[in-house]
Amino acid sequence: MTLDREPLWVLGGGGHGKVVLSLLRLLDRPVAGILDDDDSLWGTSLLGMPVDGPLGRLAGLDSPLALIAIGNNAIRKKIVCQFPLVRWFSAVHPRAFVDPSAEIGPGAVVFAGAIVQAEARIGAHVIVNTGATVDHDCRIGDFAHLCPGVHLAGEVQVGEGCLLGTGTSVIPGRSIGSQTVVGAGAAVVTDLPEAVTAVGVPARVRRDAFRRERTARDFLSAGDCPA
Ligand SMILES: CC(=O)SCCNC(=O)CCNC(=O)[C@H](O)C(C)(C)COP(=O)(O)OP(=O)(O)OC[C@H]1O[C@@H](n2cnc3c(N)ncnc32)[C@H](O)[C@@H]1OP(=O)(O)O
């Protein structure tokens, strides 16, 4: 079987899994099955395809091909640590534009309407969600999630495991530290440190009462494994 016809496993049976499955169908990629550790999803279906069972099923397979379809950055990292023998598929939607000089890491997904410009580097297991734009020379660290409609100007650096909420804009050359969360609609005009939550226009760090602060701790506790 040629590599481009090898069936792959979709890991995640929720809403993000649904858009990943839709994308794989548009690419005409055969899907071996959908796995999720949430037993309430077993027996349900995504776009008519059943959610088969837990991720543990991968352990019995000989270096399977898979794609993680879960939006939570820490969970994606945990899964990569848990299954070192899996080969990770990356996918670009046929209606996205990725410049030929850009790099897309293993396990990364670029969704419909997204644009990745010249010499940008997208790390492993990154999500470039619907309509997000990543301009020239940006560096996106492993396991980051650029939510729908994020706009990064040129030479922006986004650290490992960051979540940039829907509609975040970042001006040229700014740097966002690892595991930082930026709230939806923010405008990042200064560098942001690591493991903080920043919101607003202009984006300011808020250290009070954010439940998502736990995201950084979850991410660090997910382990240290090569992406
Ligand atoms: C296809 C898809 O769906 S992909 C997923 C897309 N997901 C996103 O874009 C999520 C983005 N998430 C956010 O913006 C969240 O609001 C977060 C992460 C910034 C904060 O979440 P939480 O920790 O749960 O914060 P919580 O809702 O408790 O709000 C805490 C305070 O911050 C304020 N706040 C929350 N989000 C924002 C924001 N984006 N901008 C400005 N203020 C905000 C709240 O109003 C509240 O203020 P108050 O204390 O003065 O009342």
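Provided above is the structure to which this section pertains.
Note that this is a predicted model, so its numbers are computed, not measured.

A. Structural context of the environment of L23. Among the secondary structure elements, L23 is positioned in helix α1 (residues 15-26). What makes L23 buried here is its relative accessible area of 1%. Linking L23 and F111, residues 88 residues apart in sequence, is a C-alpha distance of 7.7 Å. Residues in contact with L23, not counting those within four places in the same chain, are A91, V92, H93, P94, V109, V110 and F111.

B. Geometry of the nonpolar core. Grouped together as the largest cluster of nonpolar side chains are 33 residues, with contacts concentrated most on V128, V134, I140, L152 and L164. Of all the secondary-structure elements, those providing two or more residues to this core are β19 (163-164) and β22 (181-182). Counting residues in each nonpolar core, the second largest holds 20 residues, with V20, L24, L65 and I127 among its members.

C. Broad picture of the pairing of strand β5 (residues 65-68). Burial along β5 is two-sided: L65 and L67 facing one way and A66 and I68 facing the other are all buried. Both strand β1 (residues 8-11) and β5 contribute to a ladder of three bridges, which runs parallel. By the bridge assignment for β5, L11 is matched with I68. In this sheet, strand β6 (residues 87-88) lies alongside β5 in parallel orientation, the contact comprising two bridges. Residue pairing across strands places L65 opposite R87, the latter belonging to β6. What joins β5 to β6 is helix α2 (residues 73-82), and the crossover it makes is right-handed.

D. The arrangement of the sheet that holds strand β18 (residues 157-158) in detail. Ordered in space as β9-β12-β15-β18-β21, the five strands form an open sheet in which the pairing is parallel. Looking at strand neighbours, the two that pair on one side only are β9 (103-104) and β21 (175-176), the edges of this open sheet.

E. Highlighting α1. Across its 12 residues, α1 extends 17 Å between first and last C-alpha, which sits within 8% of the 16 Å expected from 1.5 Å per residue. Looking at the residues trailing α1, positive phi occurs at D28, about 65 degrees.

F. Structural detail: the pattern of salt bridges. Here the structure, examined in full by the defined rule, presents three salt bridges. Linking R5 and D28 is a salt bridge whose minimum nitrogen-to-oxygen distance equals 3.7 Å. In this pair, R5 is assigned in the segment before β1 and D28 in the loop between α1 and β2 (31-35), connecting sequence segments 23 residues apart. R5 gets classed as partly exposed once you look at its relative accessible area, which sits at 38%.

Conventions we followed
Think of each chain on its own: its residues are numbered from 1, step by step along the sequence as written. A pLDDT threshold of at least 70 governs which residues receive local features in this predicted model, and a stricter bar of 80 or more applies before side-chain atom pairs are shown or counted, although totals over entire chains, interfaces and linings include all residues. Excluding hydrogens and water, the side-chain values take into account all heavy atoms of the structure. Here a strand is any run of E in DSSP of at least two residues, a helix any run of H or I of at least four, and the numbering for each starts at the N terminus. Buried means the residue's accessible area, taken with a 1.4 Å probe over protein chains only, is under 20% of the maximum for its type, while exposed means over 50%, and partly exposed covers the values in between. The contact rule is simple, with two residues in contact once any of their heavy atoms fall within 4.5 Å. Working definition of a nonpolar core: buried Ala, Val, Leu, Ile, Met, Phe, Trp, Tyr and Cys residues. They are joined through side-chain atoms within 4.5 Å. Pairing between two strands is assigned when DSSP locates at least 2 bridges connecting them. Think of it like this: strands point away, you trace from the first strand over the helix to the second, and a clockwise trace means the crossover is right-handed. Helices are assigned an expected span. That span is 1.5 Å times one less than the residue count. Within this document, salt bridges are pairs made up of a side-chain nitrogen of Lys or Arg and a carboxyl oxygen of Asp or Glu, the two lying within 4 Å of each other.

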